[in-house]
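A closer look at the structure
Each chain, letter by letter, is given below.
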Amino acid sequence: MLTVTDLTKQFGGFTAVNRVAFELQEGELLGLIGPNGSGKSTIFNLIAGTLPPTAGSILFRGREISGQNASRVAHFGIARTFQIPRPFRRLSIQENVALAAYYGQEARPSREQAFAQAKEALELVGLPADSAARADGLGAAGLKKLELARALATRPQLLLADESLGGLDHAEMDQAADMLAGIRDKRGISIIWVEHIMGVLMRVVDRCIVLDHGEVIAAGRPDEVAHDRKVIEVYLGTDAGDVQATVAARTG
Amino acid sequence: MEFFDIFLLEAVINGLLLGGVLALLALGLNLIFGVIDVVWICYAELVMIGMYAVYYTHNVFGWPLWLAMLVAILSVAALGAVLHQFVIRPVLAAEPINQLLVTGGVLFFLQAAATLVFGVEFRNIGVSLPALQFGGMYLSFARLIAFLVALGGMVGVYLFLTRTYVGTAIRAISQDRAIMPLMGVNANRIFVITSALGGGLAGLAACLLVLQYDIHPAIGLTFGPITFIIVVLGGLGNMLGGFIAAFIFAQFISVGGYVLHIEWGYVLAFLFFIAMMFWRPQGILGGK
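Computed from a prediction, not measured in an experiment: that's the story for all the values here. (Residues numbered from 1 in each chain as written. Chains lettered and ligands numbered in written order. Predicted model: local features only at pLDDT ≥ 70, side-chain atom pairs only at ≥ 80, totals over all residues.)

**Points about the overall build of chain A**
Put simply, the test is: The numbering of helices and of strands both runs from the N terminus, where a helix is a DSSP run of H or I of at least 4 residues and a strand a run of E of at least 2. As a reference, a globule follows 2.2 Å times the number of residues to the power 0.38, and the radius of gyration itself is taken over C-alpha atoms. With C-beta atoms placed from the backbone, a residue counts as buried when 20 or more other C-beta atoms lie within 10 Å of its own, as exposed when 12 or fewer do, and as partly exposed for counts between those limits. Throughout, a residue-residue contact means that the two C-beta atoms, derived from backbone geometry, are no farther apart than 7 Å.
Assigned secondary structure in chain A consists of ten helices and ten strands. What you see for chain A is a C-alpha radius of gyration of 18 Å, in line with the 18 Å of a compact globule of 252 residues. Along the longest, intermediate and shortest principal axes, the C-alpha atoms of chain A span 55 × 40 × 30 Å. Across the 252 residues in chain A, those meeting the buried criterion constitute 47%. Sequence separation of 24 or more characterises 66% of the internal contacts of chain A that already satisfy a separation of 6 or more.

**A closer look at unusual backbone geometry**
Peptide bonds are mostly trans, and most non-glycine residues show a negative phi. All names here are of chain A. Even without a glycine there, the phi angle at Asp 6 is positive, about 50°. If you trace the backbone, Asp 6 turns up in strand 1 (residues 2–11). Positive phi values are uncommon outside glycine, yet Arg 61 reaches one of about 50°.

**Structural notes on the interface of chain B and chain A**
This is how it is decided: Note on residue categories: nonpolar means Ala, Val, Leu, Ile, Met, Phe, Trp, Tyr, Cys or Pro, charged means Asp, Glu, Lys or Arg, and polar means any other residue, Gly included.
Across the boundary between the two partners, chain B contributes 14 residues, which contact 20 residues of chain A. Taken together, the residues of the side of chain B that touches chain A break down into eight nonpolar, four polar and two charged.

**Examining the sheet that holds strand 5 (residues 63–64) of chain A**
Either a parallel or an antiparallel arrangement is found when strands of a sheet pair, and the pairing is made through backbone hydrogen bonds. Residues and elements named next belong to chain A. Put simply, the rule is: Two strands qualify as a pair provided DSSP detects at least 2 bridges between them. Helix axes are fitted to C-alpha atoms over the stretch in contact, other axes to C-alpha atoms as well, and angles between N-to-C directions run from 0 to 180 degrees.
The strand order 2-1-4-5 describes an open sheet built from four strands, whose pairing is antiparallel. The open sheet terminates on both sides in strands that have one partner only, identified here as strand 2 (14–24) and strand 5. Pairing of strand 1 with strand 4 (residues 55–60), which is carried by five bridges, proceeds in the antiparallel orientation. Paired with Thr 8 across the strands is Ala 55, a residue of strand 4. This element, helix 1 (residues 40–48), spans strand 1, strand 2 and strand 4 of the sheet and lies at about 65° to strand 2.

**Overview of the confidence of the model for chain B**
Operational definition: The pLDDT score gives, residue by residue, the confidence of the prediction method on a 0 to 100 scale.
Summing up the model confidence of chain B, the mean pLDDT is 92 and the portion of residues at 70 or higher is 98%. Model confidence for the complex is summarised by a pTM of 0.86, with the ipTM given as 0.81.

**Considerations on the nonpolar core**
What counts here: Any nonpolar core is a set of buried residues, restricted to Ala, Val, Leu, Ile, Met, Phe, Trp, Tyr and Cys, that join up through C-beta atoms within 7 Å.
Among the nonpolar cores identified, the biggest contains 175 residues, and A:Trp193, B:Leu22, B:Met51, B:Ala205 and B:Ala206 are the most heavily contacted of them. With 15 residues, helix 1 (residues 6–36) of chain B is the largest single contributor of residues to this core. Apart from residues no more than four positions distant in its own chain, B:Leu22 is found in contact with B:Ile226, B:Thr227, B:Ile230, B:Ala246, B:Phe249 and B:Ala250.

**Here we look at the packing of helix 1 of chain B against helix 7 (residues 187–209) of chain B**
All names here are of chain B. For the record, the criterion: Angle categories are assigned with fixed cut-offs, so that under 35 degrees is roughly parallel, over 145 is roughly antiparallel, 65 to 115 is roughly perpendicular, and the rest are oblique. In a left-handed crossing the near helix is turned counterclockwise from the far helix by less than a right angle, and in a right-handed crossing that turn is clockwise.
For the pair helix 1 and helix 7, the least separation of the axes is 9 Å and the interaxial angle reads 170°. The angle between the axes of helix 1 and helix 7 places the two elements in the roughly antiparallel class. Regarding helix 1 and helix 7, the two cross each other, and that crossing is left-handed. Contact with helix 1, carried on its side by Val 21, Leu 24, Leu 25, Leu 27, Gly 28, Leu 31, Ile 32, Val 35 and Ile 36, involves Phe 191, Thr 194, Ser 195, Leu 197, Gly 198, Leu 201, Ala 202, Leu 204, Ala 205, Leu 208 and Leu 209 of helix 7 and no other residues of that element. Across the contact of helix 1 with helix 7, the residue classes tally to 16 nonpolar, four polar and no charged.

**Details of the pairing of strand 7 (residues 158–162) of chain A**
All names here are of chain A. Summarising burial for strand 7: five of the five residues are buried, a large majority. Of the two faces of strand 7, the one holding Leu 158, Leu 160 and Asp 162 and the one holding Leu 159 and Ala 161 are both buried throughout. By the bridge criterion, four bridges tie strand 6 (residues 78–81) to strand 7 in an arrangement that is parallel. Bridge assignment links Arg 80 to a residue of strand 7, and that residue is Leu 160.

**Focus on the sheet that holds strand 10 (residues 215–220) of chain A**
All names here are of chain A. With respect to topology, six strands assemble into an open sheet ordered 6-7-8-3-9-10, the strand pairing being mixed. With partners counted over all chains shown, the strands left at the sheet margins are strand 6 and strand 10, one partner each. On average, each strand axis in the sheet is inclined to that of its neighbour by 15°, with strand direction left out of account. Relative to strand 10, strand 9 (residues 207–212) is paired through five bridges, and the arrangement is antiparallel. Looking at the pairing, Cys 208 lines up with Gly 220 of strand 10. The strands touched by helix 1 within the sheet are strand 3 (29–33), strand 6, strand 7, strand 8 (190–194) and strand 9, with strand 7 carrying the most contacts at an inclination of about 150°.

**Regarding helix 1 of chain B**
For an α-helix, 3.6 residues make a turn, and residues three or four places apart therefore share a direction. All names here are of chain B. We apply this condition: Working rule for helices: expected span equals 1.5 Å times residues minus one.
Over its 31 residues, helix 1 extends 45 Å from the first C-alpha to the last, a length consistent with the 45 Å expected when each residue adds 1.5 Å. The buried count for helix 1 comes to 23 of 31 residues, which makes it a mostly enclosed element. Just downstream of helix 1, Asp 37 is the residue with a positive phi angle, here 70°.

Okay, structure coming up:
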């Protein structure tokens, strides 16, 4: 559904993303990993239309979307979440999500429809559906859920999930990973998931792509990637054994 | 002085009535700053244009007053949208000082244009409302109307901001501008709507002030600085703060003017403002 070809982004003389190419299948859950500054978030910004690419093409369901306005890209059916949740803090939880439901689609739903969609999205992530409480009252895990609910309320076909789970404990991390997999299974939404903690991600993704210095250094199934010499060298290091064990536990 | 001073009470009530219009002006300026992050230094000049719009449609073209006022509100709203699209939008990413200078330029442009087009004569719509006599006090009927309509206008804005999707989007965009497009919101459209709403409030204020004041090209200077000071006093971009500050400021002007001398009221009000800026530079309720 998404075909990225030769995608390049330069900031002045610095090349943040260098001729990246990958493909995402309908209904796939794809992991995008790499060290800090490897270009993961920039790729999200390029796909979501927040930044225009320097070169390359992004085809979404046969339509060229590179360089389009972010608000148009949202209407095409692409939503994203941020690593650091960015809710409207002084709006209520319900308002945050209803706003996304109302504006997120090209054909504006009615007031009631938007509320119904907001309710559905909030239930999907496990937040109270009619909450008039202000968003800034939520804790770290709650804010991440709200961020996800807001993205889902726009009825996306592709979700770009920038989910740094760093602030969460192990149970919460697993819960978050299962939630993403559940969203893919229940709603048929294709997902690209960016995450620093490789073990959590490897447990649920279908395939994964590893970036380093803006270039793709490996791509494939989790078990292939976890044993890739280059990935171990630049990224996994001494954690390689743990990640390999996670993948083995999954496939075995 | 006896314990109960009826004239002091009169001054307090007149201050309250004055506060309503000042609060309306402050709301418009705050709304625009809160959402777009640009201070329209020329805000009171929009009010001046609105006053002329009432005068020309009513006194020159002979339209009924209510229609003239409606025309004034709509044309100043349109002027607000135009001002955003052609003056503010190109400098949205510029330094704040440049944005300030641009709207300052618009102030002088509007004043000069009004002088050229309308002349320097003082105009008057010729509607004089009686003073109300109430228990030995004299209250301005025009001020009472202005107070009530201004309150109504503010309630209307509040309902619009809290009960509609566009209003919710306006509140949302004031908190995080960059994220709005990702939810499919065209940020510039929201800015234009906000500017038109701010302009419409200036138009409404014009309709109320035209009942009390003569119209001339520099009338904006009578309200512009006060409005700006009230907005700063309440906390830039803080609508509730501006509302409270407007009534405090109006009391200084009215009661101070009664106790000392009419001009001293303004002196006291500005002294209070200066003192507050040392004590709470962020404003009564804090800025955005």
